[in-house]
Amino acid sequence: MDRHDLADFDETVISYDVGGHKTDGDPYDAVRERVDAEEYVMVGDSHESDVVAAREAGFVPVQYEDAETDLFAILTAML
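Below is a short write-up of the structure. (Residues numbered from 1 in each chain as written. Predicted model: local features only at pLDDT ≥ 70, side-chain atom pairs only at ≥ 80, totals over all residues. Heavy atoms only, no water.)

## Describing helix α1 (residues 26-34)
Item 1. If you check which residues of α1 are buried, you get Pro-27, Tyr-28, Ala-30 and Val-31. Looking down the long axis of α1, one finds its buried residues gathered within 155° of arc, a one-sided arrangement. (Buried < 20%, exposed > 50% of the residue type's maximum accessible area, 1.4 Å probe, protein only. Helix = DSSP H or I, 4+ residues; strand = E, 2+ residues; numbered from the N terminus. Arc of directions from axis to C-beta.)

## A few points about the environment of Asp-17
Item 1. In this fold, Asp-17 is placed in the segment before α1.
Item 2. Between the C-alpha atom of Asp-17 and that of Pro-27, which follows or precedes it by 10 residues, the distance is 8.7 Å.

## A look at the packing of aromatic side chains
Item 1. Counted by the stated rule, this structure contains 2 aromatic pairs.
Item 2. Ring plane angle 70° and centroid distance 4.8 Å describe the contact between Tyr-28 and Phe-59, whose orientation is recorded as edge-to-face. Of the two residues, Tyr-28 sits in helix α1 while Phe-59 sits in the loop between α2 (47-56) and β2 (60-63), which places them 31 residues apart along the sequence. The exposure classification of Tyr-28 matches that of Phe-59, with both residues buried.
Item 3. A cation sits over an aromatic face here: Arg-32 above Tyr-40, 5.9 Å from the ring centre. (Phe/Tyr/Trp six-rings, centres within 6.5 Å; stacked < 30°, edge-to-face > 60°. Lys NZ or Arg CZ within 6 Å of the ring centre and 35° of its normal.)

## Details of the pairing of strand β1 (residues 41-44)
Item 1. Of the two faces of β1, the one lined by Met-42 and Gly-44 is fully buried and the one lined by Val-41 and Val-43 carries no buried residue.
Item 2. Looking at chain direction, β1 and β2 are connected through 4 bridges and run parallel. In the sheet register, Val-43 faces β2, and the bridge partner there is Val-62. (Pairing = 2+ DSSP bridges.)

## As for the side chain of Asp-50
Item 1. Relative to the assigned elements, Asp-50 resides in helix α2.
Item 2. Separated by 2.7 Å, the side chain of Asp-50 and the backbone nitrogen of Ser-46 make a polar contact.
Item 3. Not counting chain neighbours up to four residues away, the residues in contact with Asp-50 comprise Lys-22, Tyr-28, Met-42, Gly-44 and Asp-45. (Polar contact = N/O pair within 3.5 Å; in protein donor to acceptor, adjacent residues only side chain to side chain. Contact = heavy atoms within 4.5 Å.)

Following this line, the structure appears as structure tokens:
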């Protein structure tokens, strides 16, 4: 998270920290339990395990592949 300058979020959930895999849905359930929101965003670098799984869980998926891109600026602009 720090490497990509994403440490400024109020809450983050790392799939393995909650004992699940993104494709199983457990991390998305953990996010919903921790954060009350109208919309959720999932940032990842894999189409199948990040984008597809997030979309199936009802999250807005953002695929991130370029370390030179200012991802925090892009996500802030989505607000």
